[in-house]
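Here is how the chains run, residue by residue.
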Amino acid sequence: MTSNGPEKSHATLRYTSLRVSIFLGCLLVALLLGHFQIIPVSGEAGMIFLFLLAAIASAPLSYVLLSKQRDEMSAQISGRVSGMRSRTAERNAEEDAADEAARAAAAGQS
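Given the structure is predicted, the values throughout are model-derived calculations rather than measurements. (Residues numbered from 1 in each chain as written. Predicted model: local features only at pLDDT ≥ 70, side-chain atom pairs only at ≥ 80, totals over all residues. Heavy atoms only, no water.)

Peer 1: Report on the overall build of the protein chain, specifying residues and quantitative values.
Peer 2: Within the protein chain one finds three helices and zero strands. Scanning the protein chain from its N terminus toward the C terminus, one meets helices and strands in the order α-α-α. Computed over the C-alpha atoms, the radius of gyration of the protein chain is 26 Å, more than 25% above the 13 Å expected from 2.2 N^0.38 for a compact globule of 110 residues. Here the protein chain holds 110 residues, and 18% of them are scored as buried. Partitioning the contacts of the protein chain with sequence separation of at least 6, the portion at a separation of at least 24 is 67%. Just so you have it, the protein chain exposes about 8100 Å², and 65% of that area is on carbon and sulfur atoms. A gap of 9 Å separates the mean positions of the 10 positive and 10 negative side-chain charges of the protein chain. (Helix = DSSP H or I, 4+ residues; strand = E, 2+ residues; numbered from the N terminus. Rg over C-alpha atoms; globule rule 2.2 N^0.38 Å. Buried < 20%, exposed > 50% of the residue type's maximum accessible area, 1.4 Å probe, protein only. Contact = heavy atoms within 4.5 Å. Areas by Shrake-Rupley, 256 points an atom, 1.4 Å probe, with all protein chains shown as cover. Lys, Arg positive; Asp, Glu negative; His and termini not counted. Charge placed at Lys NZ, Arg CZ, Asp CG, Glu CD.)

Rendered as structure tokens:
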């Protein structure tokens, strides 16, 4: 892990688990509403409707409630991507230098 500190080292895991928790909470509410016939459901199509209702309800809640965690996750991911890019650029520069040295040595021998 990088030295982002303990609060940012697992930002993606934290965001994902909170997002799933919000969905499960919405699903529980939808199932209770269906069980007490506040929302009329019947059969398999009714259960699919309750799952879709929970997904639709949890999306805006996650967007509003998890903005801080989403920003932390974004910073963590972009830091890793920029680190990979810089390492790739360094590696390419080393390979280019080695190729140039090999070409210069081959041209000197000819």
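Still more to cover.
Peer 1: Provide a residue-level description of the side chain of Gln69, including the pertinent values.
Peer 2: Its location among the elements puts Gln69 in helix α3 (residues 67-109). On the basis of relative accessible area, Gln69 is assigned to the buried category, the value being 17%. Those residues in contact with Gln69 that lie beyond four places of it in its chain are Arg14, Tyr15 and Leu18.

Peer 1: Outline the side chain of Ser62, supporting the account with residue identities and numerical values.
Peer 2: One can find Ser62 in helix α2 (residues 43-65). Given the relative accessible area of 1%, Ser62 is considered buried. Side chain to side chain, Ser62 and Arg19 meet in a polar contact 3.2 Å long. Those residues in contact with Ser62, other than ones at most four positions away along the chain, are Arg19, Ile22, Ser67 and Arg70. (Polar contact = N/O pair within 3.5 Å; in protein donor to acceptor, adjacent residues only side chain to side chain.)

Peer 1: Got a sec to walk through a negative patch on the surface? Specific residues and values, please.
Peer 2: Side chains of Glu90, Glu94, Glu95, Asp96 and Asp99 sit close together on the surface and give a patch of like negative charge. As for its position among the elements, Glu90 is in helix α3. (Patch = residues over 30% accessible without salt bridge, like charges linked within 9 Å, V, L, I, M, F, W, Y side chains within 5 Å. Salt bridge = Lys/Arg side-chain N within 4 Å of Asp/Glu carboxyl O.)

Peer 1: Just give me the short version of the pattern of salt bridges, but keep the residues and values in it.
Peer 2: For the structure shown, the criterion picks out two salt bridges. With a shortest N-O distance of 3.4 Å, Arg14 and Glu72 are connected by a salt bridge. With a gap of 58 residues between them, Arg14 in helix α1 (residues 11-35) and Glu72 in helix α3 connect regions that are remote in the sequence. When its relative accessible area of 27% is taken as the criterion, Arg14 is described as partly exposed. By relative accessible area, which is 16% here, Glu72 ends up buried.

Such coordinate-based values are descriptive only and should not be taken to indicate function.
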